[in-house]
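Here is how the chains run, residue by residue.
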Amino acid sequence: MMKQKFKSAKTFLIAASLIIAFVIPLITENEYYLHTLIISGIYILLVLGLNLILGYAGQLSLGHAAFYGIGAYTSALLMMKLHFSFWLALPIGGIAAGIAGLMLGFPALRLKGPYLVICTIAFGEIAHQIFMNWESLTRGPMGIPGVPSPGEFSIGNFVIDFSEKQVYYYLVFIIVIIALLLNYFLVRSKTGRAFVAIREDQTAAEVIGVNLTFYKLTAFLSGTFLAGIAGSLYAHYIGFISPESFTLGESINILVMVIVGGMGTIIGPIFGAVGLTFLLELMRAFADYRMVIYGLVLMILIVVLPEGTMGGIDILRRNLKKPQKI
Amino acid sequence: MNTFISQLINGVVLGSIYALLSLGLTMIFGILDIVNFAQGELYMLGAYVGFFLIAVLHINFLLALVISMIVMGVFGILVERFSFRPLMGKPHTSMILGTVGLSIFLMNGAILIFGAEPRRVGTPYSDIFVNLGPFSLSMQRVLVFAVTAALIILLTLFIQKTKMGKAMRACAQDLTAARIVGIDTNRIAMLTCFIGSALAAAGGVLIAPLFLVSPVMGLKACLKAFVVVILGGLGNVPGAIVGGFIIGIAENLTAGFISSEVKDLIPFSILILILLVKPEGLFGKYIPEKV
Amino acid sequence: MKRGIIFLLSIAFVLSLLSFPAFAGKGVIKIGMIGPMSGPCAFQGSSMKKAAEMAVDEINKKGGILGKKIKLIIEDDESTPVKAVNAAQKLVTKDQVLAVVGHYNSSCTLASMEVTQRNKVPHLCPISVAAAITGQGYKYIFRNCATNPMQVGQLADYVTQNMGKKGKENRVAIIYEQTDYGKGIMEVFKKKVSAVPGWKVVAIEVYKPGDTDMIAQLTKIKATKPDFMLVGGNMTEVAQIVRQAKEIGLKTQLLALGGVSTDKFVKLAGKENIEGMVNTSYFETTSKNPLAQKFVKNYRARYHSDPDMFAAAIYEAFYILDYAIKKTGVKYKSIKKWRKALRDVLANIKDLPGVQGPTTFGPNGQADKKVYIVRWENGKRVIIYPKGS
């Protein structure tokens with residue numbers, strides 16, 4: 001009886017949040033608020049992606065910002081140099097990031113623990129160096145200003161101008177909903193179950209016939225594709241991109257959102273992304289202290305609440321404790 | 001040829017610093033099984049202590065070096081107690097995130113306390129020049145290498161010849177077994193962190209007069225240290241030393257002959273190569289996964 | 001216990017979502033300034049801050065503008081374009097400022113311009129020198145200082161006309177910062193110098209802002225035996241380069257741009273190391289302009305130190321805004337309309353007197369300003385061109 005009540009409460013909450021989220025731009029003109037929501041939405045995509053790689057497939061990747069950047073640069077450059085339409089540039093940005101994700105996936109197949117993490121960090125650093133040094137393409141540290149917005153369309157008398165925050169919000173909103181749905185179905189499918197098997201005990205999974213290579217690569221591909229889409233959305237919203245946005249620090253940022261929000265669930269990433277984005281904006285006033293507190297919170301949270309605030313599955317507490325070597 | 005030798009010399013100087021930084025990292029992993037992402041911050045704080053002693057209190061450079069090492073060594077013990085011990089036994093993800101949190105905390109704390117502006121540390125050694133044939137080198141650079149060499153020799157003697165050193169080696173091999181034969185593993189853990197932190201601090205103080213001291217100096221150095229440690233083998237002391245010099249030299253030769261822009265690309269590419277081909281590093285041993 | 005924590009966090013989460021600030025008070029005029037309050041250019045940022053605070057205090061003491069006090073909101077861009085963009089977003093959307101002043105670094109101005117121009121906020125640029133800032137046809141950007149091509153061109157002209165050795169090849173090396181600022185310097189200087197017979201560019205090296213190790217680049221430059229070395233960058237890195245050049249025994253005539261024309265630079269680089277160095281300067285305390293002298297006197301009284309060119313530029317910018325906002329009048333219902341009116345006034349400013357000379361904004365928002373050429377002698381700057389200033 002309790003379980004029944006809980007389930008319908010959950011459905012109600014989901015429906016209510018959806019409606020509120022849909023209605024917000026229509027009832028407020030507060031540009032700052034909309035701006036922060038748009039950024040949160042972009043982070044939801046990033047966190048969803050990393051959640052697939054880490055929360056479901058158990059591969060700790062600290063190079064996620066690289067794919068964010070690849071999506072951003074690819075999309076921006078396609079629109080600016082080759083005059084592609086935004087609607088083509090966006091998915092291609094995602095695909096480019098996905099392919100790069102496969103490139104990371106291959107060496108990652110054989111690595112575990114700290115070796116895997118360090119490999120992902122190195123990958124992220126290499127990507128960052130490329131953004132910084134391939135000046136003729138990316139303008140290096142100067143960044144690319146003037147990234148165009150998706151444009152203006154008229155339907156009859158109705159003009160949709162994507163450089164308006166309200167309009168861009170809906171763009172991000174729709175893409176986030178699509179991503180959430182895809183995520184949901186992926187997780188419920190055979191692939192999702194394979195992910196969990198790999199995460200819980202890789203060797204055992206292999207023994208029962210799970211094709212590690214295929215599923216690990218799938219995780220990387222999907223996760224990085226989402227990051228690429230996020231990158232494209234970011235680039236065309238802010239109008240300026242530079243290597244500074246795609247550093248190890250940013251990868252850590254996204255990782256913290258995954259951890260704090262809760263790994264291995266769908267609502268976790270939403271909570272982590274939106275919550276932390278708003279929290280960080282609010283703490284702007286204490287900007288000097290912000291990062292110090294951030295570090296402290298991270299240290300404490302890891303010890304006290306390792307599966308995150310909304311973590312559905314006890315992935316860290318159980319089972320992965322170091323075996324005694326006697 | 002001249003350029004080659006100049007860059008080689010610079011590479012040796014840089015390599016010394018990498019070696020010092022990486023030694024601590026590799027020892028902490030070898031004995032505590034913890035990957036310390038905050039190692040760069042220990043280096044950075046060591047540099048600040050040095051800055052304070054030299055630029056403000058006008059203490060002699062070498063004396064300041066020793067004091068900084070001791071101060072940071074003690075700090076290392078505190079870090080072990082409050083940051084590492086709660087993480088032990090936890091899965092790698094938690095451990096990595098815990099030390100990352102520590103790194104963020106220390107780096108931004110430094111920005112708050114010292115200010116983000118880079119500081120200059122002047123020593124008389126920067127103005128004395130040593131001539132090796134057609135090459136002239138400031139005394140400070142020679143000191144970097146000399147002090148590093150001395151510290152490495154001291155460390156090696158300590159590990160090989162003393163009882164404590166033997167205990168450390170036992171812990172590195174198998175922590176539980178060491179505990180069974182009666183070694184106080186907590187004490188060894190503290191000692192390891194003392195040494196690791198002191199060495200990092202030495203690196204910071206030595207490099208301070210050459211570059212500038214700023215709260216963010218630890219970040220980049222730490223990443224390079226990771227490359228060195230993987231190259232040399234996680235937990236492998238001679239590997240960290242050799243690896244440090246290899247990376248330092250490779251970086252400078254690249255800067256000299258290809259371009260300074262891509263010089264940072266080299267260490268990371270080497271890293272990926274190693275991970276693909278021989279993940280246990282040049283000197284490491286392959287440990288098969290137990291089912 | 002865990003449920004409890006989650007519950008509390010959810011409440012905090014919801015509260016944080018709702019507690020977003022709405023519109024601001026009506027009795028003040030908000031002006032935002034963005035600069036490097038931390039990072040490698042923090043010193044220049046603090047100069048900017050001092051000058052801005054002094055200007056705003058002076059104006060407010062005289063009753064403000066049109067009876068309203070100015071509220072100065074300062075943001076830190078850490079010399080990073082991305083942070084510049086974030087700061088601009090905040091000022092423009094959250095604080096609803098009337099105008100933005102900034103930045104120090106050209107790359108930051110170029111980045112945040114995207115925000116100010118898209119949101120139609122008047123943006124005054126008093127320090128950044130990259131040509132592209134006023135070269136893109138944006139309508140809300142105004143610059144009251146000389147551009148890179150202007151100052152570098154003047155330096156190149158002076159050097160090639162007055163400092164060369166006749167009858168022998170004059171060899172020039174350039175080491176520059178990998179930013180819009182540095183790149184612009186390198187390109188203009190290279191072009192101008194290469195066009196003069198008897199002059200040749202023999203080495204070009206690059207470094208990144210924040211770099212502290214330029215030994216490899218300097219070693220390469222030394223091998224080409226240059227007579228002149230132009231350092232195109234900001235104070236902290238230029239000081240490092242000057243010291244490291246000495247360390248490796250590179251002897252050459254040093255040249256630099258406006259960014260090093262401060263007293264702090266002497267401390268960082270070392271008096272003996274910069275003896276004879278020649279660079280451009282946008283402002284000198286010895287200037288005979290009466291407004292400048294008054295400014296210097298007041299600045300000294302308030303801060304017990306001399307103002308540098310960054311302080312002078314910011315001070316001038318704020319007084320330009322003071323004049324322009326006064327001219328727009330008071331009655332504006334929406335900040336959008338007021339910004340537009342302000343923009344129109346700024347565009348039509350002609351010969352407005354200021355501490356750096358008169359200001360007239362051209363059609364692209366660029367003002368025509370000339371720079372000094374100075375030489376360092378015994379730790380002090382001596383104006384060598386134009387003579388008698």
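Residues numbered from 1 in each chain as written. Chains lettered and ligands numbered in written order. Predicted model: local features only at pLDDT ≥ 70, side-chain atom pairs only at ≥ 80, totals over all residues. Heavy atoms only, no water.

1. Re the overall build of chain A
And step 1. Helix and strand counts for chain A come out as 13 helices and four strands.
And step 2. Residues classed as buried in chain A amount to 60% of the 326 residues present.
And step 3. When the accessible surface of chain A is split by element, carbon and sulfur atoms take 70% of a total near 13800 Å². (Helix = DSSP H or I, 4+ residues; strand = E, 2+ residues; numbered from the N terminus. Buried < 20%, exposed > 50% of the residue type's maximum accessible area, 1.4 Å probe, protein only. Areas by Shrake-Rupley, 256 points an atom, 1.4 Å probe, with all protein chains shown as cover.)

2. Side note on the packing of aromatic side chains
And step 1. All told, the structure shown has 31 aromatic pairs over all chains when counted by the stated rule.
And step 2. With a centroid separation of 6.4 Å and an interplanar angle of 80°, the aromatic rings of Y234(A) and F246(A) are classed as edge-to-face. Of this pair, Y234(A) sits in helix α10 (residues 212–238) while F246(A) sits in the loop between β4 (240–241) and α11 (248–261), and the two are twelve residues apart along the sequence. In this pair, the class of Y234(A) matches that of F246(A), namely buried.
And step 3. Here a set of aromatic residues connected by ring pairs shows up, and it is made of F283(C), F295(C), Y299(C), Y303(C), Y315(C) and Y319(C).
And step 4. The ring of F82(B) carries R81(B) above its face, with NZ or CZ at 5.6 Å from the centroid. (Phe/Tyr/Trp six-rings, centres within 6.5 Å; stacked < 30°, edge-to-face > 60°. Lys NZ or Arg CZ within 6 Å of the ring centre and 35° of its normal.)

3. Focus: the side chain of K208(C)
And step 1. Structurally, K208(C) can be placed in the loop between β7 (199–207) and α7 (215–222).
And step 2. Within polar-contact distance, the side chain of K208(C) engages the side chain of N133(A) at 3.3 Å.
And step 3. Excluding anything up to four places from it in sequence, K208(C) contacts M132(A), N133(A), E261(B) and Q178(C). (Polar contact = N/O pair within 3.5 Å; in protein donor to acceptor, adjacent residues only side chain to side chain. Contact = heavy atoms within 4.5 Å.)

4. A short note on the interface of chain A and chain B
And step 1. Every contact between the two is made by 41 residues of chain A and, on the other side, 43 residues of chain B.
And step 2. Between chain A and chain B the total buried area reaches about 4100 Å² when both faces are included, carbon and sulfur atoms providing 80% of it.
And step 3. For the pair chain A and chain B, the interface holds zero salt bridges.
And step 4. Viewed at the interface, chain B and chain A are joined by one residue pair in polar contact (both at pLDDT 80 or more). (Buried area = accessible area lost by both parts, 1.4 Å probe. Salt bridge = Lys/Arg side-chain N within 4 Å of Asp/Glu carboxyl O.)

5. A few points about the sheet that holds strand β9 (residues 253–256) of chain C
Residues and elements named next belong to chain C.
And step 1. Within the open sheet, the seven strands sit side by side as β7-β6-β8-β9-β10-β11-β12. Their pairing is mixed. A strand with exactly one partner marks an edge of an open sheet, and here the two such strands are β7 and β12 (380–385). Each neighbouring strand pair of the sheet contributes to a mean axis angle of 25°, computed without reference to strand direction.
And step 2. The sheet contact formed by strand β8 (residues 228–232) and β9 spans four bridges and is parallel. Looking at the pairing, L230 lines up with L255 of β9.
And step 3. Together, β6 (170–177), β7, β8 and β9 form the strand contacts of helix α6 (residues 180–194), whose direction differs from that of β6 by roughly 165°.
And step 4. On top of the sheet, α7 reaches β6, β7 and β8; it is set at about 165° to β7, its chief contact. (Pairing = 2+ DSSP bridges. Axes fitted to C-alpha atoms, helices over the stretch in contact; angles between N-to-C directions.)

6. Some remarks on the sheet that holds strand β2 (residues 69–76) of chain C
Residues and elements named next belong to chain C.
And step 1. In spatial order, the strands read β2-β1-β3-β4-β5; together these five strands make up an open sheet with parallel pairing. Sheet topology places β2 and β5 (141–143) at the edges, where each strand pairs with a single neighbour. Ignoring which end each strand starts from, the neighbouring axes of this sheet average 25° apart.
And step 2. For strand β3 (residues 99–102) and strand β4 (residues 123–125), the ladder comprises two bridges, and the chain directions are parallel.

7. Some details on the nonpolar core
And step 1. Core analysis: the biggest nonpolar cluster contains 214 residues, and L45(A), Y169(A), L233(A) and I241(A) have the highest contact counts within it.
And step 2. Among the elements that take part in this core, helix α2 (residues 31–56) of chain A stands out by supplying 17 residues, more than any other.
And step 3. Not counting the four nearest positions on each side in its chain, L45(A) is found in contact with I175(A), V176(A), A179(A), L226(A), I229(A), A230(A) and L233(A).
And step 4. V56(C), A99(C), V172(C) and F361(C) belong to the second largest nonpolar core, which has 76 residues in total. (Core = buried A, V, L, I, M, F, W, Y, C linked by side-chain atoms within 4.5 Å.)

8. A word on the environment of V66(B)
Residues and elements named next belong to chain B.
And step 1. Along the chain, V66 falls in helix α3 (residues 61–84).
And step 2. Here V66 falls in the partly exposed class, since its relative accessible area comes to 44%.
And step 3. Through-space distance from the C-alpha of V66 to that of V205 is 9.5 Å; in sequence the pair is 139 residues apart.

9. Brief notes about a nonpolar patch on the surface
And step 1. Where nonpolar side chains cluster on the molecular surface, the patch consists of Y289(A), I293(A), V297(A), L112(B) and I113(B) and spans about 470 Å² of accessible area.
And step 2. The greatest single-element share of the nonpolar patch, amounting to three residues, is contributed by helix α13 (residues 287–304) of chain A.
And step 3. Inspection of the secondary structure assignment puts L112(B) in helix α4 (residues 92–114). (Patch = residues over 30% accessible without salt bridge, like charges linked within 9 Å, V, L, I, M, F, W, Y side chains within 5 Å.)

10. What to know about the state of the cysteines
All names here are of chain B.
And step 1. Following the criterion strictly, the structure yields zero disulfides over all chains and no others.
And step 2. C171 provides the cysteine sulfur closest to C193, a residue in no disulfide bond, and the two sulfurs are 12 Å apart.
And step 3. Overall, the relative accessible area of 2% leaves C193 in the buried class. (Disulfide = S-S within 2.5 Å.)

11. Observations concerning the confidence of the model for chain C
The predicted coordinates ought not to be read in detail in places where the model reports low pLDDT.
Residue and element names in this part refer to chain C.
And step 1. Per-residue confidence for chain C averages 87 on the pLDDT scale, and 93% of its residues sit at or above 70.
And step 2. Highest mean pLDDT in chain C belongs to β8 (95); lowest belongs to helix α1 (residues 2–18) (56).
And step 3. Confidence metrics for the complex model read pTM 0.81 and ipTM 0.81. (pLDDT = per-residue confidence, 0-100.)

12. Section: the environment of Q178(C)
And step 1. Among the secondary structure elements, Q178(C) is positioned in the loop between β6 and α6.
And step 2. According to the relative accessible area criterion, Q178(C) is buried, its value standing at 2%.
And step 3. Separated by 29 residues in the primary sequence, Q178(C) and Y207(C) have C-alpha atoms spaced 5.9 Å apart.
And step 4. When residues no more than four places from it in sequence are discounted, the contact partners of Q178(C) are M132(A), N133(A), E135(A), P141(A), M142(A), V206(C), Y207(C), K208(C) and P209(C).
And step 5. Of note is the side chain of Q178(C), whose polar atom sits 2.8 Å from the side chain of E135(A).

13. Observations regarding the domain arrangement of chain C
All names here are of chain C.
And step 1. Structurally, chain C comprises domain 1 (7–146 + 289–369) and domain 2 (149–281).
And step 2. The straight-line distance from the C-alpha centre of domain 1 to that of domain 2 is 31 Å.
And step 3. On the side of domain 2, 17 residues touch domain 1, which itself brings 21 residues to the contact.
And step 4. The junction of domain 1 with domain 2 conceals about 1300 Å² of combined surface from both sides, 66% of it contributed by carbon and sulfur atoms.
And step 5. Considering only the side of domain 1, the residues that lose the most area to domain 2 are P40, F43 and M309, jointly responsible for 33% of the buried surface there.
And step 6. In this structure, the connection of domain 1 to domain 2 is made through zero salt bridges.
And step 7. For the interface between domain 1 and domain 2, the tally reads two residue pairs in polar contact (both at pLDDT 80 or more). (Domains from an automatic or database assignment.)

14. Considering helix α10 (residues 237–257) of chain B
And step 1. Compared with an ideal rise of 1.5 Å per residue, which puts 21 residues at 30 Å, α10(B) spans 30 Å between its outermost C-alpha atoms and is within 8% of the ideal.
And step 2. Sitting at the head of α10(B), N236(B) places a side-chain oxygen 2.8 Å from the backbone nitrogen of G239(B). (Expected span 1.5 Å × (residues − 1).)

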